Amino acid sequence: MKKSLDEIHKIRIEKKKELDLRTNINSNTVEKHILVCHGTGCTSSKSEEILENFKNIIKEKNIQNVRVIKTGCFGLCAKGPIVIIRPEDTFYAMVTPDDCEEIINTHIIEGKIVERLLCKDIDREKGKKIR
Amino acid sequence: MSQDEVIEVIKQSGLRGRGGAGFPTGKKWEFTKASKDSQKYVVCNADEGDPGAFMDRSILEGDPHCVLEAMAIAAYAIGANKGYIYVRAEYPIAVKRLKIAIRQAEDYGILGENIFDTDFNFDIEIRLGAGAFVCGEETALLESIEGKRGQPRVKPPYPAQSGLWGKPTLINNVETYANISQIILKGSEWFSSIGTETSKGTKVFALGGNVNNIGLVEVPMGTTLREIVYDIGGGIPNGRDFKAAQTGGPSGGCIPKEHLDTPIDYESLKQIGSMMGSGGLIVMDDTKCMVCLAKFYLEFTVSESCGKCTPCRIGTKRMLEILERLCAGEGSELDIYKLEKLAANIQKSSICGLGQSAPNPVISTLKYFREEFRQHAIQKECKALECKAMSKITINEEKCKGCGLCQKHCPVNAIEGTGREIRMINQDKCIKCGTCLTNCPFHAIGN
Ligand SMILES: Cc1cc2nc3c(=O)[nH]c(=O)nc-3n(C[C@H](O)[C@H](O)[C@H](O)COP(=O)(O)O)c2cc1C
Ligand code: FES
């Protein structure tokens, strides 16, 4: 459907709100975003399956306020597949489809970080620089 | 904004082409607008042939809309109504997402006829390339879009005067386009506040090779190679030393250790014999042989030369043969002289950028690692141990503790000695695979 300039502006404002959660790290909303990289590197190491798994588990467990979103490349392709959880900005590396259950149980439900999957070689400052 | 205002903002921003040559984008737009014709085209170069580079790919996969939007802005500015994206068929995800994005834009009326109720019409089509490196060269790319064999045209005339089907054509790289909307949104001062005097904005590099964090990095122009390799790239794995980095892929050159603090911008890189190129950045540690590096890139250009002009078709082949001789331990000092002669001639006499820049990896490795070439030619020695034909792996008697680990790992049983005896390598059996070298806990094996 063809949209007028005004309508496009409205869409922009709507979408911007959603993006804010991802760009504004201190946001205090209850909603969480699980970002799954779908760049070339991560796709080749099964990020599509990871995305599906997250969606299925969330549906199964009937978890509210969590959205699974596919994203473009984060830059650390050799450490892929990359999964980032916002707003807390947790950076998981080399995630496998089998890890999804644990991420949901430990991170999303219990609110604890899955230490074993954290991207360790990169300290936060430099990690930010790369993103 | 009027057409001229758009062009003025892009000119003021200082944006330069990210496809390799670094031509000022605003100027290119101005020239194409100035060409008088009722039909003009906008083309996006998404061929990305530099081995190891995938910046453009990630933009197309991650944010295809930013390229479409920029192409529409460009079309408006120069007065075109038709655009083509030339993307290689090896990028299936990029193609798929581009198609989705184009359909979405058409649905919303952002592409098509009478966009936002103005009399501006613009639509975009995708053309798939078969993955020939030369088709990244702008005129060969245009030939290919026209359905002909991908061979370069003689310039001038430039595409801005006579491009697709002889009509004025604007051709820019994916990453160049990806900067456009942000410049229009945030203004030229914002953009030109990032970077150096002559190179504005940021540049994305595909960081690869012997470096800890392999992937994509986006840095402000003027960032030094040291910062990219050590701070962002996390340094060299296995505690090894940095030897050189190759920028610009097969058209570029190597940057040795003494230039680690060179700021990465168009001019500085050119000055030290390399070039910005499209953004491939391959890091090499001290186990890499520079003659092999030159040979690798020459192999690439020889197989990618389209064959239209003799210097590139035959000259690069002769250069490769010399490099192969050197690596096999059959070269001579005369060969180094011949390499230089050939390189200079090919640079001068080739039709397109592929041939003109093909000798660059040889010239720059010769410039910084001449001694290594001489060792190959005269002493028949490859210190990096990469040239298998020449390398002779030996065990240092003083360092060897007789643990026998090398023996255990040797796939051809070439290592002699028993118990705690100092081990010896039987050179007749040794296939120079280097397995013993990596397995020796006392660093007793080398040449
Ligand atoms: C052999 C050769 C290969 C090239 N390959 C590419 C390429 O893969 N992608 C690209 O954008 N430009 C490539 N270029 C540069 C283009 O010819 C052209 O300069 C560029 O598309 C212009 O866009 P820009 O001004 O935005 O950089 C290549 C040039 C040569 C000589
Ligand atoms: S492809 Fe996932 S980080 Fe690059």
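Calculation criteria
- Residues numbered from 1 in each chain as written.
- Chains lettered and ligands numbered in written order.
- Predicted model: local features only at pLDDT ≥ 70, side-chain atom pairs only at ≥ 80, totals over all residues.
- Heavy atoms only, no water.
- Pairing = 2+ DSSP bridges.
- Helix = DSSP H or I, 4+ residues; strand = E, 2+ residues; numbered from the N terminus.
- Axes fitted to C-alpha atoms, helices over the stretch in contact; angles between N-to-C directions.
- Contact = heavy atoms within 4.5 Å.
- Domains from an automatic or database assignment.
- Buried < 20%, exposed > 50% of the residue type's maximum accessible area, 1.4 Å probe, protein only.
- Right-handed = clockwise from strand over helix to strand, strands pointing away.

1. Quick word on the sheet that holds strand S8 (residues 253-256) of chain B
Residues and elements named next belong to chain B.
- Taken in spatial order, the five strands line up as S6-S5-S9-S7-S8 in an open sheet, and their pairing is mixed. At either margin of the open sheet sits one strand with a lone partner, and together these are strand S6 (215-220) and S8. Adjacent strand axes in the sheet meet at a mean angle of 30 degrees when their direction is disregarded.
- Where strand S5 (residues 202-209) lies against S6, six bridges are found, and the strand directions are antiparallel. Opposite Thr202, over in S6, you have Pro220 as the bridge partner.
- Packing of helix H11 (residues 290-304) onto the sheet brings it into contact with strand S7 (242-247), S8 and strand S9 (280-285), and relative to S7 it is tilted by some 15 degrees.

2. Section: the domain arrangement of chain B
- Here chain B is described as being made up of domain 1 (3-192), domain 2 (202-285), domain 3 (290-379) and domain 4 (393-446).
- Here the C-alpha centroids of domain 1 of chain B and domain 4 of chain B sit 57 Å apart.

3. Let's talk about the side chain of B:Asn360
All names here are of chain B.
- As for its position among the elements, Asn360 is in helix H15 (residues 360-368).
- The class of Asn360 is buried, set by a relative accessible area of 17%.
- Not counting residues within four places of it along the chain, the set of residues in contact with Asn360 comprises Ser251, Gly252 and Gln347.

4. What to know about the pairing of strand S3 (residues 123-129) of chain B
All names here are of chain B.
- For strand S2 (residues 82-88) and S3, the ladder comprises seven bridges, and the chain directions are parallel. Pairing of Tyr84 across the sheet is with Glu125, part of S3.
- A crossover links S2 with its parallel partner S3, the connecting element being helix H5 (residues 92-107), and its sense is right-handed.

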